[in-house]
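Single-letter residue listing:
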Amino acid sequence: MFAAVFISPKVTPIYQTSVFTFEDLNALEAYFEQPGQSYMYSRNGNPNTDELAEDVNQLERGQGAVATSSGMSAILTALLVYCQAGDHVLSAEEVYGGSAALLSQELTRMGVQITFVPMAEMYSFEAQIQPNTKVMLVETISNPKMTVLDIAKVAQVCQAKDVKLVVDNTFASPVITRPLELGADMVIHSVTKYLSGHSDVTAGVVIAKEATDAQRAKQIVVAWGLTLSPFESWLAARGLKTLKLRMRQHSENALVLATYLQQHPKVGEVFYPGLPDHPQHEMAATQGNGQFGGMLSFRITDDVETVNRFLRGLTHMPFAPSLAGVVSSISYPKGTSHRALTPEQRENLGITIGLIRLSVGIEEPEELIADLEKALAAI
Ligand SMILES: Cc1ncc(COP(=O)(O)O)c(C=O)c1O
């Protein structure tokens, strides 16, 4: 009885080991001859890490995936699959500040050229494509103004010019958008966010449309040591089981809060794709199967003391520079996610002192409105 329970656990145990043992030389040879059948060393592969990658692969309808140590290492892996020194990369101008810095400060040192494409040119960037352009990096829903990209339209331009399309699907999650089905070649996630969902994991994942690209991504992760740990993989796989339910609640709550904020006299613009006056509302509704996610941002007065009073006035929502947890949180793009940008770049993107980003959790919406009401009354 005891043995049966032990042999067939309902949940995959945590293989918290850096190395696996072999019975003899035959077992060692079998490991190399039959890839994927057994394990040797956790940097090269571990059951928990593989389980997470395969679960996300299924959700994104890919042909293979690899888990990575962070969202940043997932982006690095995706770019390294497709480019090397001498190549040229395009990126949407509105991407996560860390991604922009990776491109402009790190990959350029390795001989990769970068061009940022303004959002107004996202469907007509043919003129920016050079003979050595290999990749276009975009985000499904961009931060902090929640611009939603028509992935199929961008993919058309890329395919016509043989440029690989890499989509950071972190803000949408595969519940809302599956970029591989819309023509993307590779999808990456900061698993740190919605996929794990509880603000207790740092992780990433790369999912490919072609099995050969997935294999190459795996080689890169092993060679560069970008592997995720077994425990983080286990936590993320656990979080993933409630992704669909969480996304529904995040989306419903965010619409309620965006609607509330929009009518508040102390609030300026509200950026949420679920609002009917959002510039991409209709396309986002179609692409996102009627859900718009849990991220929104809004403007209060462009004054540091006003922002401080607002932050101090909140009781329930912590000021925490991340997103996508079950508990709502507030972030400040100018001082956190977009801190590395120049003042001019921030101005171009409309990232001002009074721009507040809200990651809407899965609490009762009335509680959240009461908290916002109190903080807005304080300014
Ligand atoms: C859209 C997006 N992509 C990638 C990343 C990087 O992910 P990580 O912090 O897990 O490395 C972030 C981090 O906030 C992000 O918001």
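Residues numbered from 1 in each chain as written. Predicted model: local features only at pLDDT ≥ 70, side-chain atom pairs only at ≥ 80, totals over all residues. Heavy atoms only, no water.

- Per an unreviewed UniProt entry, the chain goes by Cystathionine beta-lyase and derives from Rufibacter tibetensis.
- Regarding the chain, the UniProt comment filed under Cofactor (unreviewed entry) reads as follows: "pyridoxal 5'-phosphate". (UniProt positions renumbered as here; feature names shortened; annotations may be inferred.)

Here's the deal with the overall build of the chain
Argument step 1. A count of helices and strands for the chain gives 14 helices and 11 strands.
Argument step 2. Here the C-alpha radius of gyration of the chain, 22 Å, is about what a compact globule of 379 residues would show, namely 21 Å.
Argument step 3. Here the C-alpha coordinates of the chain stretch approximately 75 × 60 × 35 Å along the principal axes.
Argument step 4. Taking all 379 residues of the chain together, 54% fall into the buried category.
Argument step 5. In the chain, the proportion of contacts linking residues at least 24 apart, taken out of those at least 6 apart, comes to 73%.
Argument step 6. If you sum the accessible surface of the chain, you get close to 16,900 Å²; carbon and sulfur atoms cover 54% of it.
Argument step 7. The averaged location of the 40 negative side-chain charges in the chain is 3 Å from the averaged location of its 28 positive side-chain charges. (Helix = DSSP H or I, 4+ residues; strand = E, 2+ residues; numbered from the N terminus. Rg over C-alpha atoms; globule rule 2.2 N^0.38 Å. Buried < 20%, exposed > 50% of the residue type's maximum accessible area, 1.4 Å probe, protein only. Contact = heavy atoms within 4.5 Å. Areas by Shrake-Rupley, 256 points an atom, 1.4 Å probe, with all protein chains shown as cover. Lys, Arg positive; Asp, Glu negative; His and termini not counted. Charge placed at Lys NZ, Arg CZ, Asp CG, Glu CD.)

A closer look at the packing of aromatic side chains
Argument step 1. Overall, the coordinates contain 6 aromatic pairs when judged by the stated rule.
Argument step 2. Ring plane angle 80 degrees and centroid distance 4.9 Å describe the contact between Tyr31 and Phe32, whose orientation is recorded as edge-to-face.
Argument step 3. A ring pair is formed by Phe231 and Trp234, whose centres lie 6.5 Å apart and whose planes are at 10 degrees; its orientation type is stacked. You can see Phe231 and its partner Trp234 sitting in helix α9 (residues 230-240), 3 residues apart, about one turn around the helix. (Phe/Tyr/Trp six-rings, centres within 6.5 Å; stacked < 30°, edge-to-face > 60°.)

Focus on the domain arrangement of the chain
Interfaces are often sized by the accessible area lost when the parts come together.
Argument step 1. On domain assignment, one finds that the chain holds domain 1 (18-240) and domain 2 (243-377).
Argument step 2. On a C-alpha basis, the centres of domain 1 and domain 2 stand 26 Å from each other.
Argument step 3. On the side of domain 2, 35 residues touch domain 1, which itself brings 35 residues to the contact.
Argument step 4. Together, the buried faces of domain 1 and domain 2 total about 2,900 Å²; carbon and sulfur atoms form 63% of this surface.
Argument step 5. Among the residues domain 1 hides against domain 2, the three largest losses belong to Lys145, Ile176 and Tyr194. Together they make up 26% of the total. (Domains from an automatic or database assignment. Buried area = accessible area lost by both parts, 1.4 Å probe.)

What about the site of the ligand?
Argument step 1. Lining the immediate environment of the ligand, one finds 13 residues, of which Met72, Asp168, Ser190, Thr192 and Lys193 sit closest.
Argument step 2. The contact in question runs from an oxygen atom of the ligand to an N or O atom on the backbone of Met72, over 2.9 Å.
Argument step 3. Within the side chain of Asp168, one N or O atom sits 2.6 Å away from a nitrogen atom of the ligand.
Argument step 4. Against a free-state accessible area of 390 Å², the protein chains account for coverage of 89% of the ligand.
Argument step 5. Considering only residue class, the shell around the ligand consists of 5 nonpolar, 5 polar and 3 charged. (Near = heavy atom within 4 Å. Polar contact = N/O pair within 3.5 Å; in protein donor to acceptor, adjacent residues only side chain to side chain. Nonpolar A, V, L, I, M, F, W, Y, C, P; charged D, E, K, R; others polar.)

As for the pairing of strand β9 (residues 295-299)
Argument step 1. A large share of β9 lies buried, amounting to 5 of its 5 residues.
Argument step 2. Side-chain alternation along β9 places Met295, Ser297 and Arg299 on one buried face and Leu296 and Phe298 on a second face that is also buried.
Argument step 3. Looking at chain direction, strand β8 (residues 270-271) and β9 are connected through 2 bridges and run antiparallel. Its bridge partner being in β9, Phe271 is matched across the sheet by Ser297.
Argument step 4. Relative to strand β11 (residues 355-359), β9 runs antiparallel, the two sharing 5 bridges. Residue Leu296 lies in a different strand from β11, and its bridge partner there is Leu358. (Pairing = 2+ DSSP bridges.)

Quick notes on the side chain of Ser233
Argument step 1. Mapped onto the elements of the fold, Ser233 is located in helix α9.
Argument step 2. Looking at Ser233, the relative accessible area reads 0%, which means it is buried.
Argument step 3. Here the side chain of Ser233 touches Ser229 through a polar contact of 2.7 Å, landing on its backbone oxygen.
Argument step 4. If we ignore the near neighbours within four places in the chain, the residues touching Ser233 are Asn48, Thr49, Leu52 and Leu228.

Focus: the confidence of the model for the chain
Low pLDDT marks regions whose predicted coordinates should not be analysed in detail.
Argument step 1. Scored by pLDDT, the chain comes out at a mean of 96, with 98% of its residues at no less than 70.
Argument step 2. Across the chain, element-level confidence peaks in strand β7 (residues 204-208) with a mean pLDDT of 99 and bottoms out in helix α1 (residues 2-7) with 57. (pLDDT = per-residue confidence, 0-100.)

Quick look at helix α12 (residues 304-313)
Argument step 1. Within α12 the residues assigned to the buried category are Thr306, Val307, Phe310, Leu311 and Gly313. Take α12 and look down its axis: the buried residues cluster within an arc of 165 degrees, on one side only.
Argument step 2. Against β9, β10 (329-331), β11 and α14 (365-377) lie the buried residues of α12. (Arc of directions from axis to C-beta.)

Details of the sheet that holds β10
Argument step 1. The strand order across the open sheet formed by 4 strands is β8-β9-β11-β10, and the pairing between neighbours is antiparallel. Edge positions in the sheet fall to β8 and β10, since each has one partner strand and no second.
Argument step 2. Strands β8, β9 and β11 of the sheet are contacted by helix α10 (residues 243-262), whose axis makes an angle of about 10 degrees with β9. (Axes fitted to C-alpha atoms, helices over the stretch in contact; angles between N-to-C directions.)

A few points about the UniProt feature "modified residue: N6-(pyridoxal phosphate)lysine" (unreviewed entry) in the chain
Argument step 1. This chain's UniProt record puts "modified residue: N6-(pyridoxal phosphate)lysine" (unreviewed entry) on Lys193.
Argument step 2. Along the chain, Lys193 turns up in the loop between β6 (186-190) and β7.
Argument step 3. Non-local contacts of Lys193, meaning those with residues more than four positions away in its chain, are made with Thr170, Ser322, Leu323 and Ala324.

Details of the side chain of Asn253
Argument step 1. Its place among the elements puts Asn253 in helix α10.
Argument step 2. For Asn253, a relative accessible area of 2% corresponds to the buried category.
Argument step 3. Here the side chain of Asn253 touches Glu363 through a polar contact of 2.7 Å, landing on its backbone oxygen.
Argument step 4. Once residues within four sequence positions are removed from consideration, Asn253 is found in contact with Val360, Gly361, Ile362, Glu363, Pro365 and Leu368.

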